[in-house]
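Fold and contact review
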Amino acid sequence: MTQDIYLTGITTTGTPHVGNYVGAIRPGIAASRDPSTEHFYFLADYHSLAKNEDPDKIAQSTLEIAASWMALGLDTDRAFFYRQSDIPEIPELTWILTGMTAKGLMNRAHSYKAAVQANEERGNADPDKGVMMALYSYPVLMAADILMFKSTKVPVGRDQKQHVEMARDIAQRFNHHYGETFVLPEPVIGEHTAVLKGLDGRKMSKSYNNTIPLFANEKRLRKLIMKIKTDSLEPGEPKDPDDSTLFDIYKAFATEEESSAIEKRYAEGIAWGEMKQVLFDYINEHLKPAREEYERLIANPGIVEAELQRGADKARARSAPFLAEIRDTIGIRRLG
Ligand code: TRP
């Protein structure tokens, strides 16, 4: 059996938060230590254009996400760590795949359908009002990311599963038409990876504005943790850890023994104020070394940039020869 190639992209919108860490960064870094598999992690900056981000924000987010993964110890000698826009073969492959992508397939994409539905609900005469091709063709760019590096496994959140299936459909159609070229990828949905609760008790997410930035400084971290929503049970009253955002976050960081010790304290009626302090102390201690490294990298973006360039060179050693083969296959050939 050939070895699995894992690949996943991180859209460069916003600052990494504790939920990203627990759900994607930490498991990604851990998985990349497995020498029997290969791992590609990249900053999907062209994807962020679909969200119409401010140019400075895209650049800032790219720096923050890259610095986070590096500060947390991603082994960039082993993993392929790069920025999408540094790989010119990706947009080129996107256009090639566009030629093999049924429009009807794109019509079925959830994100496009959601935009159309929103227009209908608002009573807009044009169901496509405000829909840019970057949104409509988003799955083709994502297919190029995935197929470019012959990935077999694509770890994504549930909301992205359909896009990976579309990449597979596009690859199949291409292979059928031109002969075996692309490896068919499979989505990997982290059933066991934690989905963290945010400040208000809903899923921690940028779109709910309830996140704790992963490397917030101590003062800010304390302030945010003190804001986490609790119920009105008094000190001394037993509390249910399974219905507590504070415990949810604690558990995502702590060992099993530490978590069960805290469960006992819930049963004994720990005061919310005290639990907030416990949580702050724990996370703060846990993140301190990485936070220091993160701050150093943010202050020295040249270090991050050099690492991304090294990653791009490594990745292009794969993508350039493969794209040359693909061009040959489709008849975009040299004549001499
Ligand atoms: N669209 C993904 C998201 O929003 C990010 C992404 C871009 C991606 N290209 C990818 C994920 C390729 C996996 C594989 O989360």
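Residues numbered from 1 in each chain as written. Predicted model: local features only at pLDDT ≥ 70, side-chain atom pairs only at ≥ 80, totals over all residues. Heavy atoms only, no water.

1. A short note on the nonpolar core
The biggest cluster of nonpolar side chains holds 51 residues, and the ones touching the most others in it are Trp69, Ile212, Ile249 and Phe253. The set of elements that each furnish at least two residues to this core consists of helix H1 (18-31), strand E2 (38-44), helix H3 (55-71), helix H10 (218-227), helix H11 (245-253), helix H12 (256-267), helix H13 (272-299) and helix H14 (301-330). Of all the elements, H13 adds the most residues to this core, at nine residues. Of the domains in this structure, domain 1 (5-195 + 301-330) and domain 2 (215-296) are the two that each give at least three residues to this core. (Core = buried A, V, L, I, M, F, W, Y, C linked by side-chain atoms within 4.5 Å. Buried < 20%, exposed > 50% of the residue type's maximum accessible area, 1.4 Å probe, protein only. Helix = DSSP H or I, 4+ residues; strand = E, 2+ residues; numbered from the N terminus. Domains from an automatic or database assignment.)

2. Considerations on the domain arrangement of the chain
When the domains of the chain are assigned, the result is domain 1 (5-195 + 301-330) and domain 2 (215-296). When each unit is reduced to the centre of its C-alpha atoms, the spacing between domain 1 and domain 2 is 33 Å. Facing 11 residues of domain 1, the contacting portion of domain 2 comprises nine residues. Here domain 1 is connected to domain 2 by zero salt bridges. Where domain 1 touches domain 2, the interface holds two residue pairs in polar contact (both at pLDDT 80 or more). Of all elements in the fold, only H1 and H3 reach the threshold of two or more residues within the side of domain 1 that touches domain 2. (Contact = heavy atoms within 4.5 Å. Salt bridge = Lys/Arg side-chain N within 4 Å of Asp/Glu carboxyl O. Polar contact = N/O pair within 3.5 Å; in protein donor to acceptor, adjacent residues only side chain to side chain.)

3. Concerning the pattern of salt bridges
Within this structure, the stated rule accounts for 16 salt bridges. The salt bridge involving Arg265 is made with Glu274; its shortest N-O contact spans 2.4 Å. By relative accessible area, which is 39% here, Glu274 ends up partly exposed. Among the salt bridges present, the one from Glu285 reaches Lys288, with a minimum N-O distance of 3.9 Å. Here Lys288 and Glu285 lie together in helix H13, a separation of three residues that amounts to about one turn. Taking relative accessible area as the criterion, Lys288 reaches 28% and is therefore assigned partly exposed. Three or more residues are tied together by salt bridges with common partners; here these are Asp4, Lys153 and Glu186.

4. A word on the site of the ligand
Residues in close proximity to the ligand total 14 residues, the closest being Gly9, Thr11, Tyr138, Asp145 and Gln160. A distance of 3.2 Å separates an oxygen atom of the ligand from a polar atom in the side chain of Thr11. The separation between a nitrogen atom of the ligand and a polar side-chain atom of Asp145 is 2.7 Å. Coverage of the ligand by the protein chains reaches 89% of its 360 Å² of free accessible surface. Where the shell around the ligand is concerned, the elements lending two or more residues are strand E1 (5-11), E2, helix H8 (138-148) and strand E4 (153-156). For the shell around the ligand, the class distribution of residues is eight nonpolar, five polar and one charged. (Near = heavy atom within 4 Å. Areas by Shrake-Rupley, 256 points an atom, 1.4 Å probe, with all protein chains shown as cover. Nonpolar A, V, L, I, M, F, W, Y, C, P; charged D, E, K, R; others polar.)

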